[in-house]
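Listed here are the chains, written in short residue letters.
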Amino acid sequence: MVFLGWMSLISLSTAWHWFVPTSSDGRLIGSRSLTETCKEIAASVSSASMVYDKVSVNYSKDISHWASSSSQIAECSFEPGTSLDVSIALQILGKTRTPFAVKGGGHASNPGFSSTTGVQIAMSRFSDITYDASSQTATIGAGLVWDTVYAALEPHGVNVVGGRAPGVGVAGFTLGGGYSWLTNQHGLTIDTVESFELAMPNGTVLNVTAASDPDLYFGLRGGFNNFGIVTRFTLKTFPQSQVWGGPIVYTANVVDLVNQATANFVANITDPKAQIITTYNHVFGALVAAELVFYDGPSPPEGIFDEFLAIPHLLEDVSTRSFLSLVQASPSNTIPDSRAIFNTISVLDYPVSLLESIVNESVFWGQALAQSGAWLTSYDVEPFIPSILSHSTTPSAYPPSRNRGLLPLNIYFAWTPPTSDEIMQQAIRDSAAHLRHLAIAGGQDVADAALYSNYAIFDTPLSSIYGDNLPRLHAIKAAVDPTNVMGLAGGFKF
């Protein structure tokens, strides 16, 4: 898996709680230069929240994303400090029909999903983490990244089902489903959510549980920001000891051995504590394979990972370590101002033949797109055991069916010129369609397999993600947001 960071924009001056009008050189100017919406939000919220203009340090941070293609120049940014202030802002945005966006950790790959030219809501002030030993839960603010959560819970000897990559935000990851190093044992992240604190478009704040509002609870588990803005999540916690694992990097001449080891792992390893991610990267003109190995314990049983360790490798950082250390040991492939897009298919198996085709795709598109500025074409093979969706019997927006465990393939392209955006987006669509065709031709019954929304490209049909759940989601959306306030924000919309 490849994990990115993006340098914040250089900021020019300070900002004020009251939205102070300034010119490009920081001088005060007339209020007519500002949108009435930004001013109204600033005047209406409490002192716990702030609105920032374009020359402030906070504004630059608020609009920046992991990939530069996911950022836009907003009219202003709003950092709410209370859930009630979020609801107040939503009422104003709905009344004025102002476009807005909600940014948690800023790791969205789809353009416009968490950015806007209107009002950028940045959830960074929701950074609280509260562990309750009596209920074995942790309440986590929507502005956090998983690294911070793991660090806070480590002294308590517990963990949550969260992200596998450094810098990934809690909110989008959870609201989309959440595949984790702990998913084999405990399910998706949404399977471990006890409650959502939800700021509603009508100005109220709800604590949504399976008992209090089964429809909203269903919709929020995989349905993103269609029903309001989640400000906090209460998740189940699980005992966490030291783990074993880390990255291994291989050169192109041993890729066939990596393919065989991966296929053997998928076919034979049933220990739920053992996981891998096999990544095939065509990076700056060269094919490189990377293996992330993980065991939820200080050392794995003999034989589980021996085949990977025996392959000659370029680099290795495998050891007994904390869970946080393992996540942060993951490789990071990034360059300044890099642009990015994800896409995905869902499969049931990774035989050698499919893995060989994935390698071929990485090389083909890496070479074909180089002249358009691509520096990375990456394919992340993420196997899980078949029972991963059996950990919850409570229906959820995603996945539409829990009858079988699906394996998401994360396809990721990175480039630098903005003029190549459409070229890269079409190429990644073509690559996903080709691999899906090969999986079906190879006998896999995945023609109607649901796609994982956190990896799906922005124009993926809703039916391909939510299947037969879509009518219910439309009905819930109409009931809780009849004027479609949340439709003013980006994302997959019901």
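Below is a short write-up of the structure. Within each chain, residues carry numbers counting from 1 in the order of the written sequence. Under the rules for a predicted model, residues below a pLDDT of 70 receive no local features and side-chain atom pairs below 80 are neither given nor counted, while totals for whole chains, interfaces and linings still include all residues. Computation of side-chain values covers all heavy atoms of the structure but excludes hydrogens and water.

1. Some details on the nonpolar core
Formed by 149 residues in total, the largest nonpolar core has its most connected members in Phe 100, Phe 305, Tyr 350, Ile 358, Phe 413 and Tyr 466. At seven residues, the largest contribution of residues to this core is made by strand 19 (residues 407-415). When sequence neighbours within four positions are dropped, the list of residues in contact with Tyr 350 reads Ala 263, Val 266, Leu 355, Ile 358, Val 381, Glu 382, Leu 407, Pro 408 and Leu 409. Take the buried residues of types Ala, Val, Leu, Ile, Met, Phe, Trp, Tyr and Cys, join any two whose side-chain atoms come within 4.5 Å, and each joined set is a nonpolar core. The rule is simple: take the accessible area with a 1.4 Å probe, protein chains only, and divide by the maximum for that residue type; under 20% is buried, over 50% is exposed, in between is partly exposed. Helix and strand labels come from DSSP, where a helix needs a run of H or I of at least four residues and a strand needs a run of E of at least two; each type is numbered from the N terminus. Residues count as neighbours in contact if any of their non-hydrogen atoms are within 4.5 Å of one another.

2. Some details on the pattern of salt bridges
Two side chains carrying opposite charge are able to pair once their charged atoms lie near each other. Take a side-chain nitrogen of Lys or Arg and a carboxyl oxygen of Asp or Glu: if they are within 4 Å of each other, that pair is a salt bridge. In total, this model carries 16 salt bridges according to the counting rule given. Residue Arg 232 pairs with Glu 197 through a salt bridge whose shortest N-O separation is 2.6 Å. With Arg 232 in strand 10 (residues 229-236) and Glu 197 in strand 8 (residues 193-199), this pair connects stretches of sequence that are 35 residues apart. Overall, Glu 197 belongs to the partly exposed group, its relative accessible area being 22%. One salt bridge connects Asp 481 with Lys 477, and the closest N-O pair in it is separated by 2.6 Å. Each member of the pair, Asp 481 together with Lys 477, is buried. By sharing partners, the salt bridges in this structure join Lys 61, Asp 62, Glu 79 and Arg 125 into a single network.

3. Digging into the state of the cysteines
Covalently bonding the sulfur atom of one cysteine to the sulfur atom of another cysteine gives a disulfide. Disulfide: a pair of cysteine sulfur atoms within 2.5 Å of each other. Scanning all chains against the criterion turns up one disulfide. Paired by a disulfide, Cys 38 and Cys 76 hold their sulfur atoms 2.0 Å apart. Taking the torsion about the S-S bond as the criterion, the Cys 38 to Cys 76 disulfide, at about -95°, is left-handed. Linking Cys 38 in helix 1 (residues 36-44) with Cys 76 in strand 2 (residues 76-79), this pair joins segments that are 38 residues apart in sequence. The residues Cys 38 and Cys 76 share a single accessibility class, namely buried.

4. Brief notes about the packing of helix 11 (residues 352-368) against helix 12 (residues 421-441)
Their axes nearest at 11 Å, the elements helix 11 and helix 12 cross at an angle of 160°. For the element pair helix 11 / helix 12, the angle class is roughly antiparallel. Every pair of crossing elements has a handedness; the one defined by helix 11 and helix 12 is right-handed. Between helix 11 and helix 12, the residues in contact are Leu 354, Ser 357, Ile 358, Glu 361 and Trp 365 and Ala 427, Asp 430, Ser 431, His 434, Leu 435 and Leu 438, respectively. In this count, Pro and Cys sit with the nonpolar residues alongside Ala, Val, Leu, Ile, Met, Phe, Trp and Tyr, while Asp, Glu, Lys and Arg are called charged and the others, Gly among them, polar. Among the residues forming the contact of helix 11 with helix 12, the class breakdown is six nonpolar, three polar and two charged. Think of each axis as a best-fit line through the C-alpha atoms, taken over the contacting stretch in the case of a helix, with angles from 0 to 180 degrees between the N-to-C directions. The labels follow the angle: roughly parallel below 35 degrees, roughly antiparallel above 145, roughly perpendicular from 65 to 115, and oblique for the rest. Helix crossings fall into two classes, left-handed where the near helix is turned counterclockwise from the far one by less than a right angle and right-handed where it is turned clockwise.

5. Describing unusual backbone geometry
In this model, Tyr 398 is joined to Pro 399 through a cis peptide bond whose omega is -5°. Among the structural elements, Pro 399 can be located in the loop between strand 18 (374-381) and strand 19. Positive phi is not limited to glycine here, since Arg 97 has a value of about 55°. Looking at the element boundaries, Arg 97 is found in the loop between helix 3 (83-96) and strand 3 (100-103). In this structure, Phe 284 is a non-glycine residue whose phi angle is positive, near 50°. Along the chain, Phe 284 falls in the loop between strand 13 (274-283) and strand 14 (286-295). Classification of Phe 284 as exposed rests on a relative accessible area of 57%.

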